[in-house]
Amino acid sequence: MALTDDAIAKIRSMIQSGELPPGARLPPEPQLAAQMGLSRSGVREAVKVLESARVLDVRRGDGTYVTSLAPRLLLEGLGVAVELLRDDTLLEVMEVRRMLEPMATGLAALRMTDTDLDELGRILQDMRAAADDAEKLIQFDAAFHHTVIATTGNETLTSLLDGLSGRTLRARVWRGLIEGNAAHQTIEEHHTIYLALRARDQLLAQASALLHVNTSEAWLRTVLGAKPSDG
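Residues numbered from 1 in each chain as written. Predicted model: local features only at pLDDT ≥ 70, side-chain atom pairs only at ≥ 80, totals over all residues. Heavy atoms only, no water.

J.: Can you walk me through the pairing of strand 1 (residues 56-59) in this structure?
T.: Within a regular strand, the side chains alternate between the two sheet faces. Residues Leu56 and Val58 line the buried face of strand 1, whereas the alternating positions Asp57 and Arg59 sit on a face that is not buried. As defined by bridge partners, strand 1 adjoins strand 2 (residues 63-66) across 4 bridges and the pair is classed as antiparallel. From the neighbouring strand, aspartate 57 faces strand 2, where its bridge partner is tyrosine 65. (Buried < 20%, exposed > 50% of the residue type's maximum accessible area, 1.4 Å probe, protein only. Helix = DSSP H or I, 4+ residues; strand = E, 2+ residues; numbered from the N terminus. Pairing = 2+ DSSP bridges.)

J.: What is the right way to read the packing of aromatic side chains from this model?
T.: For any pair of aromatic rings, geometry is given as the distance between the ring centres together with the angle between the planes. Using the criterion set out here, one finds 0 aromatic pairs in the structure. One cation-aromatic arrangement involves arginine 59 over tyrosine 65; the distance from NZ or CZ to the ring centre is 3.9 Å. (Phe/Tyr/Trp six-rings, centres within 6.5 Å; stacked < 30°, edge-to-face > 60°. Lys NZ or Arg CZ within 6 Å of the ring centre and 35° of its normal.)

J.: Honestly, the side chain of threonine 152 in this entry has me stumped. Any pointers?
T.: Here threonine 152 shows up in the loop between helix 8 (134-150) and helix 9 (155-164). A distance of 3.2 Å separates the side chain of threonine 152 from the backbone nitrogen of asparagine 154, its partner in a polar contact. Aside from chain neighbours lying at most four places away, what touches threonine 152 is Ala104, Leu107, Ala108, Arg111, Leu157 and Thr158. (Polar contact = N/O pair within 3.5 Å; in protein donor to acceptor, adjacent residues only side chain to side chain. Contact = heavy atoms within 4.5 Å.)

J.: Would you mind going over the environment of glycine 37 with me for this structure?
T.: For glycine 37, the location among the structural elements is in the loop between helix 2 (29-36) and helix 3 (40-52). In this structure glycine 37 comes out as exposed when scored by relative accessible area, which is 62%. For glycine 37 and alanine 7, which are 30 residues apart along the polypeptide, the C-alpha to C-alpha distance reads 9.2 Å.

J.: What exactly am I supposed to notice about unusual backbone geometry here?
T.: A negative phi angle is the norm for most residues apart from glycine, just as the trans form is the norm for most peptide bonds. Non-glycine residue arginine 54 carries a positive phi angle of around 65 degrees. Mapping arginine 54 onto the fold places it in the loop between helix 3 and strand 1. A positive phi angle, near 60 degrees, is found at leucine 69, a position not held by glycine. Here leucine 69 is to be found in the loop between strand 2 and helix 4 (71-74).

J.: Mind showing me how you'd approach the environment of alanine 81 here?
T.: With respect to the helices, strands and loops of the structure, alanine 81 is situated in helix 5 (residues 76-83). The spatial distance from the C-alpha of alanine 81 to the C-alpha of phenylalanine 140 is 22 Å, given a sequence separation of 59 residues.

J.: I would appreciate a short explanation of the nonpolar core in the present structure.
T.: In summary, soluble globular proteins display a tendency toward joint burial of nonpolar side chains. With 42 residues, the main nonpolar core has Phe144, Trp174, Leu197 and Leu220 as its most contacted residues. Looking at this core, the elements that each hand over two or more residues are helix 6 (87-111), helix 7 (114-129), helix 8, helix 9, helix 10 (167-179), helix 11 (183-198) and helix 12 (202-225). Of all the elements, helix 6 adds the most residues to this core, at 7 residues. Beyond its immediate stretch of four places on either side in the chain, leucine 197 contacts Thr105, Ala108, Ala109, Met112, Leu117, Leu120, Val148 and Ala205. Listed in part, the 20 residues of the second largest apolar core include Ile8, Ile11, Leu20 and Ala33. (Core = buried A, V, L, I, M, F, W, Y, C linked by side-chain atoms within 4.5 Å.)

J.: Is there a simple way to think about the environment of serine 208 in this case?
T.: If you trace the backbone, serine 208 turns up in helix 12. The class for serine 208 is buried, based on a relative accessible area of 7%. Excluding anything up to four places from it in sequence, serine 208 contacts Thr192, Ile193 and Ala196.

J.: In this structure, what is going on with helix 2? I would like to understand it.
T.: Every α-helix carries 3.6 residues per turn, so stepping three or four residues along brings you back to the same face. Within helix 2 the residues assigned to the buried category are Leu32, Ala33 and Met36. All buried residues of helix 2 fall inside an arc of 100 degrees around its axis, so they share one side. Glycine 37, located one to two residues past helix 2, shows a positive phi value of around 70 degrees. (Arc of directions from axis to C-beta.)

J.: Looking at this structure, I do not really get the packing of helix 7 against helix 11. What am I missing?
T.: Packed helices, taken two at a time, are described by the angle their axes make and the gap between the axes. With their axes 11 Å apart at the nearest point, helix 7 and helix 11 run at an angle of 165 degrees to one another. In this view, helix 7 runs roughly antiparallel relative to helix 11, as classed from their interaxial angle. Helix-helix and strand crossings are classified by hand; for helix 7 and helix 11 the assignment is left-handed. Listed contacts from helix 11 to Asp114, Leu117, Asp118, Leu120, Gly121, Leu124, Met127 and Arg128 of helix 7 are Ile187, Glu188, His190, His191, Tyr194, Leu197 and Arg198. Residue classes in the contact of helix 7 with helix 11 are distributed as 7 nonpolar, 3 polar and 5 charged. (Axes fitted to C-alpha atoms, helices over the stretch in contact; angles between N-to-C directions. Parallel < 35°, antiparallel > 145°, perpendicular 65-115°, else oblique. Left-handed = near helix turned anticlockwise from the far one by under 90°. Nonpolar A, V, L, I, M, F, W, Y, C, P; charged D, E, K, R; others polar.)

In structure tokens, the structure reads:
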């Protein structure tokens, strides 16, 4: 593992220094190992790790390349990690969302185009039509929030919030809402966010998003609190 860690550190250093910029092809494994003064097996394992982290792209029969290093690639693993979190830690995730999502929604109010708003309106209509279908609501809810945050033009922020709002977390909230006959109320919260965005009102959009995240957090607490004990 020490040799693999050394190889990872050296490849990362080459990328950070610009010696291997995005899109660059790595030297063949024997040459790279000799260049770094490490074993081929250590380099091989390092490449596997960095491929999993979306830093490298191994193309069979062609070579190994540095990816675009775009946030959507490098932060992709965040969503996988969130899906594995235990119940008590999910509430911490909601707390982070409460810090980020309202500010991002307020920023979107200043940057959304009419085309973006029209698309958001269509998603909202789809949500209304699927008010009693948890699977469809999860899908449209994710699309609604992704559309809003993506219009900020901040790919890092979009990737972070996409990762923090994984399918499992959304499923727990929406199933709780449906079972509690509160799905329509939450859809109306989406409508309120939409109207604030349509009005280009940054503060109202921010406040509406905060109310919505607070509602989601409250329902998640309810669902987690109702979970039967292991005993």
